[in-house]
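Here is what each chain is made of, one letter per residue.
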Amino acid sequence: MKIPFVFGKPALEENFADRKEEIHQIVQNFKSLSNTILISPRGWGKSSLMKKAAEISIKTEHDLKFCFVSLNGIKNEEEFYNTVAKELLRIVSTEFEVIRGIAKKYLGKIFLKIKLISDSTNEFSLLLDMEETNKFPEEILNLAENIAIENNKRIIVCIEDFQNISGFADTISFQQKLKSVWQSHKNAAYCLSGSNRFILSELFETQEMPLYGFGDIILLEKIKTEEWIPFLIGRFVNTGKSIDKNSAELIVRLAENHPQYVQILAQQSWLRSPYICNEQIIGDAYESILLQKSLLFQNITARLSDTQVYFLNALISGTDKFNSQKVLLKYKLGTSGNITKIKKALVEKEIIDIQSGKISFLDPFYKAWLAKYYFLEYTNEFSA
Ligand SMILES: Nc1ncnc2c1ncn2[C@@H]1O[C@H](COP(=O)(O)OP(=O)(O)OP(=O)(O)O)[C@@H](O)[C@H]1O
Ligand SMILES: [Mg+2]
C-alpha cells in the first residue's frame, strides 16, 4: 500500500493541505507577472506552495513557464550566474541542440562551452567565461526575459534559499544589479523564497537596501489545526485505515503544527497502525522519532556555545525575563548585554524564532529532545 504521507520533498496533489489564501495570492502574482517574496522557516512549505501555485497557474495560463532554481550551497556570484543560466536553459527545450543554440545566441561573449553529459536525462554542463560574466552580468540576468520573448512565453523564475546572496562578496552591488535588470522585465517575473527571516527581511524590508519593495512579501505561517485534522483523517481513510479527531489533533499538537513534522509523525503513526490509529500508537511513534533524531540533535547542540545552550535551557523552563538578575545568575547567562548577542546568534543559526518579542523553538522535536534527554541531567544543578 502506498504510504499516504510525504516529507523530504514538496507535498503535491493529494499530499498538499490547505493554503488556499496563499495559493490564490501567489497564482494572481504569477498571472500578472508580479514578483513574490516567500518567507518561512525550514520545512513550513515554501517549495510545496510554489510548486502547487505553479501547477494551478499553468492550467489556465498556457504560456506560463516555470524555472526552479535552488541556491542551496551557492556561495558566490559566479556560482549564482552559472546555476541560474543552467536552470533557465533547461526549461528551453528537451532537445540539447536547441538548448545549445539558445545558449550561444543569448549568452554572447560570456559563453564558452556547453556539453551534453547524459543522453537519457539531457543533463549538460555549462562553462561560462567568468571574467566576461563579471563584466556583463546582465547577459545572465536578462536570460529569462530573452528566452521568454524568443519562445513567446512568460517565465516565472522561482529561486529558493535566496538568503544565501547576502553572503556574497560585495552583496549590495550584486543586489543593485539584480534589481536594475530584473525590474525592467516585461515577460519574466521572480518568486524569491528563503528560510532566514532575519536576513530576508533585512534584504526586502529595509528602505536603504536595493531590493526594498521588489515584490509582494508573504510571511508563510504554519498550517492551522482545523485544516490539518480533516487532511489527516482523509489520508488515513483513503488508505483503508482510520484515525479519530482526537488522535489527529494529538499528532498536530505534538508536531506543533509544523508541516514537515506533522507529516513525519503522521507517517510513523500510520505505519504502526494495523488498522485504527490511536493515541498510544502516536505516543510510541513520537518517542521513536525523538530517538532517531538524537544524533542529529546532539550534533546541533555540540555546535552551540555554552551560554547559547544555557539560554535554551532557560527558554524551555518557560522563562521570558532573560534580563532579570535572577535568571542571568541561575542560568549562567552573563550580563544582560549577552542576551541580545545570544538571541541574534540563535536566530541566525535557525534554532529560535522571535516574533512580536515572543521567542520560540523552530524545531518542536529539538525542543522536546533537549527537555527530555539533554537537560534532564542538569535539572538538579539549575534548580539548586
Ligand atoms: N501544504 C502542505 N500540506 C501538507 N504537507 C506540507 C505542506 N507544505 C509542506 N508540507 C510538509 O512539509 C515538508 C517540507 O515542505 P517544503 O519542502 O515545501 O518546505 P520548505 O519551506 O520549502 O523547506 P526548506 O526551507 O527546507 O526548503 C513537505 O515535505 C511536507 O511533508
Ligand atoms: Mg524549500
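Residues numbered from 1 in each chain as written. Chains lettered and ligands numbered in written order. Predicted model: local features only at pLDDT ≥ 70, side-chain atom pairs only at ≥ 80, totals over all residues.

### A closer look at the overall build of the protein chain
Inclusion rule: Each helix is a run of DSSP H or I of at least 4 residues and each strand a run of E of at least 2, with the numbering of both proceeding from the N terminus. To sort residues by burial, count the other C-beta atoms lying within 10 Å of each one's C-beta; a count of 20 or more means buried, 12 or fewer means exposed, and anything in between means partly exposed. C-beta atoms are built from the backbone. Any two residues are considered in contact once their C-beta atoms, placed from the backbone, lie within 7 Å.
Assigned secondary structure in the protein chain consists of 19 helices and 11 strands. In terms of its C-alpha atoms, the protein chain occupies a principal-axis envelope of roughly 70 × 55 × 35 Å. In the protein chain, which comprises 384 residues, the proportion classed as buried is 35%. Long-range pairs, those at least 24 residues apart, make up 67% of the contacts in the protein chain with a sequence separation of at least 6.

### Remarks on the site of ligand 1
Where we set the bar: Any residue whose C-beta atom, as placed from the backbone, lies within 6 Å of a molecule or strand is termed near it. Residue type decides the class: Asp, Glu, Lys and Arg count as charged, Ala, Val, Leu, Ile, Met, Phe, Trp, Tyr, Cys and Pro as nonpolar, and the leftover types, Gly among them, as polar. Domain start and stop positions are those given by an automatic or database domain assignment.
Around ligand 1 sit 24 residues in total, of which G45, K46, S47, S48 and Q263 are the nearest. Listing elements by their share of the shell around ligand 1, those giving two or more residues are α2 (46-60) and α12 (259-272). A breakdown of the residues in the shell around ligand 1 according to their chemical character gives eight nonpolar, 10 polar and six charged. Of the residues that make up the shell around ligand 1, three or more belong to each of domain 1 (19-219) and domain 2 (225-292).

### Here's the deal with the environment of F168
Within the element layout of this structure, F168 appears in the loop between β5 (154-160) and α8 (171-182). Along the primary structure F168 and I282 are separated by 114 residues, whereas in three dimensions their C-alpha atoms are 44 Å apart. When near neighbours in sequence (up to four residues on either side) are disregarded, F168 contacts N76, E77 and F174.

### Thoughts on the nonpolar core
One broad rule of soluble globular proteins: the nonpolar side chains tend to lie buried together. In plain terms, the rule: Take the buried Ala, Val, Leu, Ile, Met, Phe, Trp, Tyr and Cys residues, join any whose C-beta atoms are within 7 Å, and the set you get is a nonpolar core.
A85, A144 and V157 are the most contacted members of the largest nonpolar core, which totals 54 residues. Among the elements that take part in this core, helix α3 (residues 77-92) stands out by supplying seven residues, more than any other. Discounting residues that sit within four places of it in the chain, V157 has contacts with C67, V69, A144, A188 and Y190. Listed in part, the 41 residues of the second largest apolar core include L232, A285, I342 and A368.

### Description of the confidence of the model for the protein chain
Caution is warranted with low-pLDDT regions, since their predicted coordinates should not be read in detail. Note the threshold: Residue-level confidence of the predictor is summarised by pLDDT, bounded by 0 at the bottom and 100 at the top.
Of all residues in the protein chain, 98% attain a pLDDT of 70 or more, and the chain-wide mean is 93. Under a pLDDT of 50 for its full length, residues 380-384 has, in the predicted model, three contacts with residues more than four places off or in other chains.

### Looking at unusual backbone geometry
The backbone of D170 sits at a positive phi, close to 55°, despite the residue not being glycine. Along the polypeptide, D170 turns up in the loop between β5 and α8. Owing to 10 C-beta atoms within 10 Å, D170 belongs among the exposed residues under this scheme. Its identity as a non-glycine residue notwithstanding, E350 has a phi of 55°, on the positive side. By the element assignment, E350 lies in the loop between α17 (336-348) and β10 (352-355).

### Overview of the pairing of strand β11 (residues 358-361)
In plain terms, the rule: Here, strands pair whenever DSSP counts at least two bridges between them.
By the bridge criterion, four bridges tie β10 to β11 in an arrangement that is antiparallel. Counterpart to I352 in the pairing with β11 is F361. Connecting the antiparallel pair β10 and β11 is a turn made up of two residues, with S356 showing a positive phi of about 45°.

### Remarks on helix α4 (residues 96-107)
Rules: To estimate the expected span of a helix, count its residues, drop one, and scale the result by 1.5 Å. The arc under discussion is defined with respect to the helix axis, by the directions toward the C-beta atoms.
Between its first and last C-alpha, α4 extends 16 Å over 12 residues, near the 16 Å set by a 1.5 Å rise per residue. Where α4 is concerned, the buried positions are I99, R100, A103, Y106 and L107. End-on, the buried residues of α4 take up no more than an arc of 155°, which puts them together on one face. Counted as exposed and oriented over 90 degrees from the buried face of α4: E97, V98, K104 and K105. Check the buried side of α4 and you find it contacts α3, β3 (111-118), β4 (123-128), α6 (138-141) and α7 (143-150). Taken from the residues just after α4, G108 is the one with a positive phi, measuring 45°.

### Looking at the packing of α3 against α4
Definition in use: The angle between two axes is taken between their N-to-C directions and runs from 0 to 180 degrees, where each axis is a line fitted to C-alpha atoms and a helix contributes only its stretch in contact. Put simply, angles under 35 degrees are roughly parallel, angles over 145 are roughly antiparallel, angles from 65 to 115 are roughly perpendicular, and the rest are oblique. Left-handed describes a crossing whose near helix is turned anticlockwise from the far helix through less than a right angle; right-handed describes the clockwise counterpart.
Where α3 contacts α4, the axes come no closer than 9 Å and their chain directions differ by 130°. The orientation of α3 relative to α4 falls into the category oblique. For the crossing formed where α3 meets α4, the hand is right-handed. Contacts between α3 and α4 involve A85, L89 and V92 from the first element and V98, I99, I102, A103 and L107 from the second.

### What about the domain arrangement of the protein chain?
Each domain of the protein chain was delimited in the assignment, giving domain 1 (19-219), domain 2 (225-292) and domain 3 (305-383). Inter-centroid distance (C-alpha atoms) of domain 2 to domain 3 is 29 Å. The class makeup of the residues in the side of domain 2 that touches domain 3 is four nonpolar, one polar and one charged.

### Digging into the pairing of strand β2 (residues 64-70)
A one-sided burial pattern is seen for β2, the buried positions being K65, C67 and V69 and the unburied ones L64, F66, F68 and S70. Relative to β5, β2 runs parallel, the two sharing seven bridges. If you follow F66 over to β5, its bridge partner there is I156.

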